[in-house]
Amino acid sequence: MRNPFFYILLLILVVLDAWLLAHPNLIGQAGVFFFDYEAIETVPKAIGTVSLVVGITLLITWLIGRLSQAVAIVISVALFAASVYYLFQSFSQYNTGIYKLTGAGFRAGAILLPGLVVLVFGQSTWNYITQKRSR
């Protein structure tokens, strides 16, 4: 655990994202009911879902950190690029079509989730590039 501020910020953003996802407007509530999104129906379920995604992302970065520095850099840069693409795709999807009617808070929460993945992979990529190993 290199920087406790990062993990405190991550915890705050996870709770914020869960709250945003669990509070869509009326059209968004109908969509959550119709498409059976049980994972984000309530704030506790949404916290569990968002925490699971962020936790798996942190686990992946920890496992990558156990590899050699060159391999860790290559894999983390690839995952960072993929997560940035996922963020861009989510931003495009939730700002067009029927998702545009689900409410600004819900859309912000839906876009923040891939943003958290980008944040974790970006931070780990930065750490792997800037650290010096003596292996």
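Further up the page is the structure itself.
Residues numbered from 1 in each chain as written. Predicted model: local features only at pLDDT ≥ 70, side-chain atom pairs only at ≥ 80, totals over all residues. Heavy atoms only, no water.

Caption draft 1: Region of the structure containing the nonpolar core. One finds Leu-10, Leu-21, Val-50, Val-54 and Leu-116 to be the most contacted residues of the largest nonpolar core, which totals 18 residues. Elements with a contribution of two residues or more to this core: α1 (4–21), α3 (43–65) and α5 (104–130). Residues in contact with Leu-10, not counting those within four places in the same chain, are Val-54, Leu-58, Leu-116, Leu-119 and Val-120. (Core = buried A, V, L, I, M, F, W, Y, C linked by side-chain atoms within 4.5 Å. Buried < 20%, exposed > 50% of the residue type's maximum accessible area, 1.4 Å probe, protein only. Helix = DSSP H or I, 4+ residues; strand = E, 2+ residues; numbered from the N terminus. Contact = heavy atoms within 4.5 Å.)

Caption draft 2: Molecular detail of the layout of surface pockets. There is about 270 Å³ of room inside the second largest pocket. Residue lining of the second largest pocket: 13 residues in total, with Leu-21, Ile-40, Tyr-94, Ala-110 and Leu-113 positioned closest to the centre. Counting only elements with at least two residues in the lining of the second largest pocket, the list comes to α4 (69–94) and α5. The residue inventory of the lining of the second largest pocket, partitioned by class, reads 11 nonpolar, 2 polar and no charged. (1 Å grid on protein atoms, 1.4 Å probe; cavity = no way out; pocket = protein on both sides within 12 Å on 5 of 7 lines; lining within 4 Å. Points joined across faces, edges and corners; volume = space filled by probe spheres on them. Nonpolar A, V, L, I, M, F, W, Y, C, P; charged D, E, K, R; others polar.)

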